[in-house]
Amino acid sequence: MIRERLGKELLYFDGGMGTLLQAKGLKPGELPETWNLTHPDDIVDIHRQYYEAGSDIVLTNTFGANALKFQGTDYALKDVVEAAVHHARKASESGVTDKREVYIGLDVGPTGKLLKPMGDLDFEEAYEAFAEVMRYGEEAGVDFIHIETMSDTYEVKAAVLAAKEQTSLPVFATMIFDEKGKLLTGGDVPAVVALLEGLRVDALGINCGMGPEQMLPILKEILTYTSIPVIVKPNAGLPKQKDGEVWYDVDPAQFAGFMEEIAKEGACVIGGCCGTTPEHIKAMTAQIQRNQLRPPVKKDLTVVSSYGKAVVLGEKPIIIGERINPTGKKKFKQALKEHDLDYILREGIIQQDNGAHILDVNVGLPDIDESAMMCEVVQELQSIINLPLQIDTVDPKAMEAAMRIYNGKPMINSVNGKQESMDAVFPLIQRYGGTVVGLTIDENGIPATAKGRVEIAGKIIREAEKYGIDKKDIVIDVLAMTISSEPEGAKITLDALKQVRKQYGVRTVLGVSNISFGLPYRPAVNSNFYTLAMYNGLSAGIINPSSEDMMRSYYSYCALMNYDQNCEAYIRQYGNRQVDVTVKSQTEITLREAVEKGLKEEARNAARECLKGQSPLEIINTQMIPALDAVGKDFEKGTLFLPQLLMSADAAKIAFTVLKEALSELGETEEKKEKIILATVKGDIHDIGKNIVKVLLENYGFDVIDLGKDVAPEVIVEVAVREQVQLVGLSALMTTTVVSMEETILQLRKSCPECKVMVGGAVLNQEYADMIGADYYGKDAMQSVYYAQQLFGE
Amino acid sequence: MDTRTKEAIRYLGYGRHAVDDETLRLIRSSFQELDQAADFRIIYRIFDLNRKENESLEIGTMKVTSKSLNRNLKGCEQIVLLGGTLGTGTDLLLRRYTLTDMAKVVVLQACAAAMLEEELDIWQEARKEEWKEEGWYLRPRFSPGYGDFSICHQSEILRMLDASKSIGLTLTDAGMLTPTKSVTALIGRSRTDAACHRQGCEACEKADCQYRR
């Protein structure tokens with residue numbers, strides 16, 4: 001069995017397949033896997049040469065064998081995979097002349113598509129594409145699944161999950177990095193290692209993209225993070241081109257030399273990728289002995305990751321932003337109920353801008369489907385922010401659903417010392433990976449002593465071990481109890497923090513602001529307690545990064561404890577404080593001017609100023625509307641341009657927010673607004689145009705229902721009917737997606753004939769709009785506003 | 001003002017009008033952010049060009065029928081097929097600002113387009129010099145979607161370049177390139193130096209376009 005030998009002796013992979021196939025006549029663009037059926041002897045011959053060269057492991061010719069790449073071909077995937085495995089086995093019969101044990105790995109490469117939200121491939125669709133091939137592979141008798149050349153953490157997660165859930169085979173996974181140690185999708189080495197170890201692969205590593213020499217520094221970085229065996233499969237140098245041919249210039253002897261260095265550094269499984277040949281592998285196996293292995297060393301780093309970025313919980317404290325949470329927040333609750341994702345996402349952006357390293361995400365409300373909402377918020381946040389997230393829920397279903405679709409290794413909030421909680425949460429960590437917050441509470445409640453809390457921490461750590469979860473992935477929360485009812489509360493918490501760190505060496509987390517519950521002027525207590533907690537071993541405080549007091553504590557603490565080299569962060573934060581203040585007080589400008597010129601801060605201040613003398617509605621009529629109209633007219637005339645139009649719109653939006661708040665304080669409600677649906681049609685992922693129209697329509701008082709991009713006709717029709725919408729705006733960028741626009745209009749005509757449809761987008765013109773039966777074609781964003789006004793009789 | 005700034009202003013529809021200070025400031029900050037977020041990558045391969053009947057062309061395994069491409073490739077023996085992208089970081093940046101600042105989104109988008117073109121120009125200029133020594137001359141870039149060169153060829157082009165693996169450039173089911181700030185193109189290689197100044201914008205037949213150079 002390969003698992004038993006892994007990490008105990010050096011194992012040899014084969015080398016390149018594609019390069020040899022090209023030499024045998026494979027054309028660029030042709031699917032190499034079809035050769036399993038059309039050129040069986042050539043495939044067997046290549047495998048045989050690798051066995052003869054000393055490879056222990058041969059990978060099947062199935063790199064691109066998946067339903068997505070084989071769409072529209074005449075080949076059945078099952079046949080392709082079966083033949084591929086058969087060829088590898090047949091080759092071993094003649095190619096292995098000594099008694100060594102050899103293995104066949106099912107080679108699984110990327111789908112060739114980009115997953116959502118960057119592309120259009122659904123996570124579960126990718127999963128299914130991988131699962132299908134892997135099932136065929138296992139049936140055909142491969143020894144393990146080898147996932148390689150992955151450049152996207154999300155895609156590799158889909159592949160590894162498929163391999164784990166759909167087969168019982170060992171799983172190897174290797175990624176393609178560039179010379180800067182980055183994936184094509186931006187992920188870095190620690191993020192990749194955290195993800196793959198979390199998913200419990202048997203070995204991880206690096207292949208393709210560059211030569212052995214360039215891989216050495218990346219290997220070193222991988223080895224500082226990983227505890228499991230590492231695979232290295234370089235190309236025969238960096239690809240070069242001459243007269244249309246791609247070639248590689250590291251010869252077999254040089255290759256063997258570099259690979260020896262790589263083995264000495266600590267790689268456990270070595271082989272070659274593009275451009276390497278049986279000669280390269282032969283030189284490598286001849287030069288490097290099996291017993292030259294340097295066994296993997298266990299690491300104790302606590303790492304969480306998003307697709308692009310890893311955060312290490314170490315000595316320097318980390319900030320977990322607490323704001324995405326409805327508890328005690330009226331507006332946030334309302335946003336959840338109204339499905340106002342933009343509001344929630346903005347909370348994320350603000351926290352990132354203010355210095356958060358990880359964002360806590362809690363969307364639990366009694367009346368909503370928490371599982372669905374959690375998944376949606378996690379995916380949307382991950383499409384705009386690259387910070388790791390902390391999935392915060394008491395509902396194991398929501399927790400599992402979110403962990404599955406999360407891109408990276410999440411932080412999980414939380415498990416506690418109750419058996420029931422550990423039974424529910426630990427299997428999830430085991431399956432999807434994650435660093436989990438362990439609350440020191442159990443069936444008997446929260447212990448009143450530090451000792452009691454430390455004991456529960458120990459119980460949690462021991463129980464986790466049963467699931468193979470190392471204590472580096474447990475972060476203990478010793479809980480802060482308010483000092484208004486527990487006079488010793490702060491001291492107990494601080495003591496417990498210190499002891500947990502000392503006794504178990506684990507990282508810690510704490511919801512800091514609980515400490516002041518019931519007291520006046522809470523920021524003073526919170527920020528001082530925060531400093532004390534950090535000094536006593538708090539690794540990550542769950543705080544509000546927009547709180548000036550808390551951040552002052554944080555930056556000061558880091559500067560004082562020499563976690564902030566040359567006080568750089570501190571100076572960046574506070575160095576030019578006073579200058580700021582004077583600049584702001586100088587500006588004096590009317591609301592109308594501020595909106596026309598697109599000055600956001602000035603618009604906010606001017607709106608507040610106006611409210612001192614006028615009613616909100618008066619201000620809207622005498623300042624806002626005239627400003628918007630003037631800007632709109634100038635845009636029409638061609639004397640003012642799109643960026644200015646939008647700056648003005650953004651400023652107006654801010655002023656409207658101030659005015660609306662004033663309106664609701666007065667107990668007045670806004671006029672009933674007309675609803676307009678906006679959507680970018682199915683297949684179309686370019687939504688800038690649609691978003692421009694949205695901002696403008698909203699400023700003119702319309703209630704925009706934004707369905708987003710790549711929206712199916714059925715969804716648009718369903719919402720139009722349900723919300724009794726009179727106007728739908730559709731956008732499309734390319735000729736290929738105008739077809740879905742036409743289909744949407746057709747379906748709308750059938751189900752809600754009274755509804756009007758306006759269309760816009762780069763590829764459209766009046767003629768085209770008429771052809772597909774639209775009611776109106778808007779050549780620019782302002783036109784849609786005028787049309788809506790005209791339609792609703794304003 | 002540098003070329004990419006001028007181009008960004010043109011993409012924003014300013015035509016002959018002077019750009020306002022606020023927008024210029026946005027353009028500058030956008031380029032600064034893009035310099036961090038964008039990660040330009042390019043892949044190319046050279047193929048022989050075979051001419052068949054009825055204006056149809058054969059480039060490797062790809063068969064194309066297009067009058068405008070044919071005109072562009074007059075006198076060429078080979079094709080440089082290329083794909084270039086600014087990567088997923090650019091898309092992330094655009095999406096992030098969509099929630100807070102639409103003016104910035106519009107400007108970023110124009111700047112990203114200008115940046116991509118500039119990167120391609122720099123790359124092409126370097127190849128031109130390199131290959132001139134070998135006696136090759138290059139024609140202007142020509143992309144699927146120009147004239148009657150169908151964008152349906154995108155998927156074949158990406159396959160021929162192995163673009164998803166090499167630079168992370170992929171196609172959606174509806175035929176859109178992802179990451180969104182990406183380009184595929186053909187460049188003709190010829191043994192003769194043609195006087196060929198008409199390029200990109202100027203070669204387009206839509207003379208009343210507001211974005212025209």
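These numbers come from a predicted model, not from an experiment. (Residues numbered from 1 in each chain as written. Chains lettered and ligands numbered in written order. Predicted model: local features only at pLDDT ≥ 70, side-chain atom pairs only at ≥ 80, totals over all residues.)

S.K.: Looking at this structure, I do not really get the domain arrangement of chain A. What am I missing?
M.R.: Accessible area lost on assembly of the parts is the figure often given for the size of an interface. All names here are of chain A. Domain annotation for chain A reports domain 1 (2-292), domain 2 (305-566), domain 3 (585-665) and domain 4 (675-791). One C-alpha centre belongs to domain 1, the other to domain 2; they are set 38 Å apart. Each side of the interface is counted separately: domain 1 has 15 residues, and domain 2 has 14 residues. When contributions to the side of domain 1 that touches domain 2 are tallied by element, the ones reaching two or more residues are α7 (153-166) and α8 (189-198). At five residues, the largest contribution of residues to the side of domain 1 that touches domain 2 is made by α8. A breakdown of the residues in the side of domain 1 that touches domain 2 according to their chemical character gives eight nonpolar, five polar and two charged. (Domains from an automatic or database assignment. Contact = placed C-beta atoms within 7 Å. Helix = DSSP H or I, 4+ residues; strand = E, 2+ residues; numbered from the N terminus. Nonpolar A, V, L, I, M, F, W, Y, C, P; charged D, E, K, R; others polar.)

S.K.: Hey, could you run me through the interface of chain A and chain B in this one?
M.R.: Tallying the contact residues gives 45 residues for chain A and 45 residues for chain B. Elements with a minimum of two residues in the side of chain A that touches chain B: α13 (341-353), α14 (370-384), α26 (642-665), α27 (688-699) and α29 (735-751) of chain A. Among the elements that line the side of chain A that touches chain B, the one with the most residues is α26(A), at seven residues. Of the residues contributing to the side of chain A that touches chain B, the split by class is 19 nonpolar, 17 polar and nine charged.

S.K.: Looking at this structure, I do not really get the sheet that holds strand β4 (residues 144-150) of chain A. What am I missing?
M.R.: Hydrogen bonds between backbone atoms are what pair the strands of a sheet, whose relative direction is either parallel or antiparallel. Residue and element names in this part refer to chain A. Sheet architecture is open: eight strands sit in the order β1-β10-β7-β6-β5-β4-β3-β2, paired in parallel fashion. Where the open sheet ends on each side, the last strands, each with one partner, are β1 (11-12) and β2 (57-59). Bridging between strand β3 (residues 103-108) and β4 involves four bridges; their strand directions are parallel. Residue Leu106 lies in a different strand from β4, and its bridge partner there is Ile145. (Pairing = 2+ DSSP bridges.)

S.K.: Before we go on, may I ask you to explain the packing of α27(A) against helix α31 (residues 781-791) of chain A in this structure?
M.R.: Residues and elements named next belong to chain A. At a closest axis distance of 9 Å, the pairing of α27 and α31 adopts a crossing angle of 45°. When the interaxial angle is binned, α27 and α31 end up oblique. The two elements α27 and α31 cross, and the hand of that crossing is right-handed. Where α27 approaches α31, its residues Ile692, Val693, Leu696 and Leu697 are matched on the opposing element by Ala781, Met782, Ser784, Val785 and Ala788. Class assignment for the residues of the contact of α27 with α31 results in eight nonpolar, one polar and no charged. (Axes fitted to C-alpha atoms, helices over the stretch in contact; angles between N-to-C directions. Parallel < 35°, antiparallel > 145°, perpendicular 65-115°, else oblique. Left-handed = near helix turned anticlockwise from the far one by under 90°.)

S.K.: Is there a simple way to think about the environment of Met373(A) in this case?
M.R.: Residues and elements named next belong to chain A. Note on placement: Met373 falls in helix α14. Exposure remark for Met373: the 20 C-beta atoms within 10 Å place this residue in the buried category. Between the C-alpha atom of Met373 and that of Asn362, which follows or precedes it by 11 residues, the distance is 9.7 Å. (Buried ≥ 20, exposed ≤ 12 C-beta atoms within 10 Å, placed from the backbone.)

S.K.: Would you mind going over unusual backbone geometry with me for this structure?
M.R.: Peptide bonds are trans in most cases, and residues, glycine excluded, mostly fall at negative phi. Residue and element names in this part refer to chain A. The peptide bond linking Lys116 to Pro117 adopts the cis configuration, its omega dihedral lying at 5°. Residue position: Pro117 is located in the loop between β3 and α6 (123-140). With an omega of 15°, the peptide bond between Asn413 and Ser414 qualifies as cis. Mapping Ser414 onto the fold places it in strand β16 (residues 411-416). Positive phi outside glycine occurs at Asn562, with the angle close to 60°. Within the secondary structure, Asn562 is located in the loop between α20 (548-560) and α21 (568-574). Note on Asn562: 10 C-beta atoms within 10 Å, which makes it exposed.

S.K.: Before we go on, may I ask you to explain the environment of Leu171(B) in this structure?
M.R.: Residues and elements named next belong to chain B. Tracing the chain through its elements places Leu171 in strand β6 (residues 170-171). The exposure class of Leu171 is buried, given the 24 C-beta atoms found within 10 Å. Not counting residues within four places of it along the chain, the set of residues in contact with Leu171 comprises Gln154, Ser155, Leu158, Met176 and Leu177.

S.K.: What exactly am I supposed to notice about the environment of Ser182(B) here?
M.R.: Residue and element names in this part refer to chain B. Inspection of the secondary structure assignment puts Ser182 in strand β8 (residues 182-190). Here the alpha-carbon distance between Ser182 and Gln154, two residues 28 residues apart in the chain, equals 12 Å. Beyond its immediate stretch of four places on either side in the chain, Ser182 contacts Gly84, Thr85, Leu169 and Leu177.

S.K.: Looking at this model, I keep getting lost on the sheet that holds strand β17 (residues 435-439) of chain A. Mind explaining?
M.R.: All names here are of chain A. Here we have eight strands rolled up into a closed barrel, ordered β13-β14-β15-β16-β17-β18-β19-β20, and parallel in their pairing. Across the sheet, the axes of successive neighbouring strands diverge by a mean angle of 30°, strand direction being ignored. Bridge count for strand β19 (residues 507-511) against strand β20 (residues 540-543) is three bridges, and the pairing is parallel. The residue of β20 that forms the bridge with Val509 is Ala540. Strands β14 (358-361) and β15 (389-392) of the sheet are contacted by α14, whose axis makes an angle of about 160° with β14. With respect to the sheet, helix α16 (residues 419-432) is in contact with β16 and β17, its orientation differing from that of β16 by roughly 150°.

S.K.: Hey, could you run me through α20(A) in this one?
M.R.: One turn of the α-helix equals 3.6 residues, which is why residues spaced by three or four share an orientation. All names here are of chain A. If you check α20, its first and last C-alpha atoms are 18 Å apart, about what 13 residues at 1.5 Å a residue would give, namely 18 Å. Along α20, the residues that are buried comprise Met550, Met551, Ser553, Tyr554 and Tyr557. The arc that holds every buried residue of α20, seen down its axis, measures 155°, which confines them to one face. Remark: Asn562 follows α20 within two positions and exhibits a positive phi of approximately 60°. (Expected span 1.5 Å × (residues − 1). Arc of directions from axis to C-beta.)

S.K.: I'm lost on the packing of helix α15 (residues 396-405) of chain A against α16(A) in this one. Help?
M.R.: Two quantities define a packed helix pair, namely the angle between the helix axes and the distance between the axes. Residues and elements named next belong to chain A. In the contact formed by α15 and α16, the axes pass within 11 Å of each other and the chain directions differ by 10°. If you check the angle between α15 and α16, you find them roughly parallel. Here Pro396, Met399, Glu400, Met403 and Arg404 of α15 come into contact with α16, specifically with Ala424, Val425, Leu428 and Tyr432. Its residues placed into classes, the contact of α15 with α16 shows seven nonpolar, no polar and two charged.

S.K.: I keep staring at the nonpolar core and nothing clicks. Help me out?
M.R.: The nonpolar side chains of soluble globular proteins are, as a tendency, buried together. Phe130(A), Ile147(A), Val160(A), Ile270(A), Ala655(A) and Cys111(B) are the most contacted members of the largest nonpolar core, which totals 323 residues. Per element, the largest residue contribution to this core is 12 residues, and it comes from helix α5 (residues 102-132) of chain B. Look past the residues within four positions of Phe130(A) in its chain and what remains in contact with it is Asn66(A), Val108(A), Ala158(A), Ala159(A) and Ala162(A). (Core = buried A, V, L, I, M, F, W, Y, C linked by C-beta atoms within 7 Å.)

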